[in-house]
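Structural description and commentary
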Amino acid sequence: MTKILKKQSLKKLNTFGVDALAESFVLIQSENDLTNLYESGELEKQPILILGGGSNMLFTQNFNGLILKITIQGIEVRKQEGEILVIAGAGIDWNSFVNFCVEENYGGVENLSLIPGTVGASPIQNIGAYGVELKDVFYQCRAFEIATGEFIEFKNSDCKFDYRDSIFKTEKKGKYIITQVTFKLNKSKNLTTSYGAISSELENRGIDKPSIKDISTVVSEIRVAKLPDPKTIGNAGSFFKNPIIDSQKHANLKDKFPEIVSYEVGGNYKLAAGWMIEQCGWKGKILGNTGTWKNQALVIVNHGGASGKEIFNFSTLIIDSVKEKFDVKLEREVNII
């Protein structure tokens with residue numbers, strides 16, 4: 001029987017470093033652990049929360065239920081019609097997975113270097129950075145259905161991927177536990193370098209024919225320069241989504257704020273939330289034990305001892321401020337517990 005711990009501290013299991021307790025806690029090291037839990041009836045007794053790297057979660061209270069910490073490992077590579085399928089365990093650290101692919105010269109995830117979290121969480125959030133989203137390389141995932149104890153495969157089209165969104169955050173939320181993800185990669189030089197920061201940095205380095213590793217290195221260094229390391233200061237990376245608005249609203253904002261940072265997306269426009277937050281005077285601002293990061297207003301940090309409620313309340317002040325100035329409501333990207 002898989003061992004269940006009681007009153008487990010979560011402070012070291014979330015990147016904000018917030019102190020909270022799980023009433024019950026279990027490590028999931030294999031699919032058999034999930035099957036055993038289902039057969040024992042434990043999954044029906046109390047609320048369940050799935051925990052990966054804890055990098056996209058804010059605990060504002062203790063969790064009065066069972067937390068399943070996914071630690072499933074293992075990587076398998078299969079060749080298929082000129083493409084490479086890489087099957088990875090859900091508990092693998094995301095950046096470790098990216099580094100494996102880069103070292104093997106498997107292209108597709110290099111722009112997603114240094115994103116915190118785990119492989120299993122990547123399709124839930126449809127993580128993205130520097131012109132690439134998880135959906136671009138996702139082939140399928142294997143997931144455990146909590147209600148039936150069955151394992152089911154989800155293809156790319158099944159997941160209903162959208163900007164920082166998937167079926168696992170909407171209609172299937174809380175119903176499945178991802179145990180492994182299969183990625184479709186390749187060895188061609190079909191690299192995404194159009195994102196401004198990447199192209200300018202490559203130019204600065206005199207690299208006109210970048211390799212997969214070049215892209216990964218540049219992206220990693222850009223992220224290190226802009227974003228705080230959760231190992232040294234508590235944070236969950238980007239706290240807010242970049243809002244998407246229609247063309248008419250964008251035109252109105254552009255008239256009022258000619259310098260507004262935006263990108264066209266399928267006829268609509270994605271606004272840079274960090275820019276708007278900065279224009280409202282929040283960049284580097286500290287209130288009590290929390291604040292925004294000095295180099296990136298999109299990131300909220302725990303300066304030490306902040307509670308989850310304190311961080312949540314701070315984020316509400318930012319949302320209200322941006323709404324008042326730009327008439328745009330920011331949405332939290334981080335899951336609130």
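Up top you'll find the structure we're talking about.
Note that residues are indexed from 1 along each chain, following the sequence as it is written. Predicted model: local features are reported for residues with pLDDT of at least 70 only, side-chain atom pairs are reported and counted for 80 or more only, and whole-chain, interface and lining totals are derived from all residues. Each side-chain value is worked out from all heavy atoms of the structure, with water and hydrogens disregarded.

The secondary structure content of the protein chain amounts to nine helices and 20 strands. If one aligns the C-alpha atoms of the protein chain with their principal axes, the spans along those axes are about 60 × 50 × 35 Å. Burial here depends on accessible area, computed with a 1.4 Å probe over protein chains only, as a share of the maximum for the residue type. Under 20% is buried, over 50% is exposed, and the range in between is partly exposed. Taken across its 337 residues, the protein chain has 49% of its residues classed as buried. A contact between two residues is defined here by any heavy atoms of the two lying within 4.5 Å. Here the contacts in the protein chain between residues at least 6 apart in sequence split such that 60% fall between residues at least 24 apart. Numbering of helices and strands runs from the N terminus, with a helix taken as a DSSP run of H or I at least four residues long and a strand as a DSSP run of E at least two residues long.

Here we come to the sheet that holds strand S15 (residues 262-265). Here a strand pair is declared whenever DSSP counts at least two bridges between the two strands. If you trace the three strands from one edge of the open sheet to the other, you get S14-S16-S15, paired in antiparallel fashion. Each edge of the open sheet carries a strand with a single partner, namely strand S14 (244-245) and S15. Note that S15 and strand S16 (residues 268-271) share four bridges and pair antiparallel. Bridge pairing links Val265 to Asn268 in S16.

Let us look at a nonpolar patch on the surface. The residues that make up patches have over 30% relative accessible area and no salt bridge, and they are joined within 9 Å when like-charged or within 5 Å when they are Val, Leu, Ile, Met, Phe, Trp or Tyr. For accessible areas, the Shrake-Rupley method is used with a probe of radius 1.4 Å. Any residue's cover is judged against the shown protein chains and nothing else. By salt bridge we mean one thing: a side-chain nitrogen of Lys or Arg within 4 Å of a carboxyl oxygen of Asp or Glu. A contiguous nonpolar surface patch, about 250 Å² in accessible area, is contributed by Tyr195, Tyr263 and Val265. Its relative accessible area of 35% is what places Val265 among the partly exposed residues.

Turning next to the sheet that holds strand S2 (residues 21-28). Pairing is mixed in the open sheet, where four strands are placed in the order S1-S2-S5-S3. At either end of the open sheet lies a strand with only one pairing partner, and these are strand S1 (5-9) and strand S3 (48-51). When strand polarity is set aside, the average angle formed by the axes of neighbouring strands in this sheet is 45°. Across six bridges, S2 lies against strand S5 (residues 63-70) in parallel orientation. Within the sheet, the bridge partner assigned to Val26 lies in S5 and is Leu68. Each axis is a line fitted through C-alpha atoms, taken for helices only over the stretch in contact, and angles between the N-to-C directions span 0 to 180 degrees. Most of the contacts of helix H1 (residues 31-40) go to S2, to which it runs at about 130°, and overall it touches S2 and S5.

A few words on the state of the cysteines. A pair of sulfur atoms, both from cysteines and within 2.5 Å, is called a disulfide here. Here the structure, examined in full by the defined rule, presents zero disulfides. Cysteine Cys101 shares no disulfide, and the gap to the nearest cysteine sulfur, in Cys141, comes to 17 Å. According to the relative accessible area criterion, Cys101 is buried, its value standing at 0%. Sulfur of Cys141: no disulfide; nearest cysteine sulfur belongs to Cys159 and is 4.9 Å away. Residue class for Cys141 comes out buried when judged on its relative accessible area of 1%.

Bringing the side chain of Ser220 into the picture now. Inspection of the secondary structure assignment puts Ser220 in helix H6 (residues 212-226). Classification of Ser220 by relative accessible area gives buried; the value is 17%. Whenever a nitrogen or oxygen atom comes within 3.5 Å of another N or O atom, the pair is scored as a polar contact, on the condition that within protein one atom can donate a hydrogen and the other can accept it, and that pairs from neighbouring residues in sequence are kept only if both atoms are in side chains. A polar side-chain atom of Ser220 sits 2.9 Å from the main-chain carbonyl oxygen of Ser216. Setting aside chain neighbours within four positions, we find Ser220 in contact with Ser113 and Leu114.

This brings us to the nonpolar core. Grouping buried Ala, Val, Leu, Ile, Met, Phe, Trp, Tyr and Cys residues that are joined through side-chain atoms within 4.5 Å yields what is termed a nonpolar core. The biggest cluster of nonpolar side chains holds 42 residues, and the ones touching the most others in it are Phe59, Ile67, Phe240, Ile277, Ile318, Phe326 and Leu330. For this core, the elements supplying multiple residues, two or more each, are S2, S3, strand S4 (57-58), S5, helix H8 (273-279), strand S19 (296-302) and helix H9 (308-326). Ranked by residue count, the leading element in this core is H9, at six residues. Excluding its chain neighbours within four sequence positions, the residues that come into contact with Ile318 are Phe240, Ile277, Trp282, Thr292, Ile300 and Leu330.

What follows covers H9. To estimate the expected span of a helix, subtract one from its residue number and multiply by 1.5 Å. The end-to-end C-alpha distance of H9 is 27 Å, a good match for the 27 Å that 19 residues give at a rise of 1.5 Å each. Along H9, the residues classified as buried are Gly308, Ile311, Phe314, Ser315, Ile318, Ile319, Ser321, Val322 and Phe326. The arc that holds the buried residues of H9, viewed along the axis, is 165°, so those residues lie on one side. Exposed side chains of H9 directed beyond 90 degrees from the buried face belong to Lys309 and Glu324. At the C-terminal side of H9, Asp327 shows a positive phi close to 55°. The reported arc concerns the directions from the helix axis to the C-beta atoms and nothing else.

Here we come to the packing of aromatic side chains. Side-chain rings of Phe, Tyr and Trp, where Trp is taken by its six-membered ring, are said to pair if the distance between their centres is within 6.5 Å; with planes under 30 degrees apart they count as stacked, over 60 as edge-to-face, and otherwise as tilted. On inspection of all chains with the given rule, the structure shows 14 aromatic pairs. Through a chain of ring-to-ring contacts, the aromatic side chains of Phe16, Phe239 and Phe240 assemble into a single cluster. Both a distance and an angle decide whether a charge sits over a ring: NZ of Lys or CZ of Arg must be within 6 Å of the ring centre and within 35 degrees of the ring normal. The side chain of Lys285 reaches across the aromatic face of Trp282, ending 4.8 Å from its centre. A cation sits over an aromatic face here: Lys325 above Phe326, 5.9 Å from the ring centre.

All right, on to the pairing of strand S13 (residues 234-238) then. Within S13, four of the five residues are buried, which leaves the element mostly enclosed by the surrounding structure. By the bridge criterion, three bridges tie S13 to S19 in an arrangement that is antiparallel. The residue bridging Ser238 from the neighbouring strand is Val299, located in S19.

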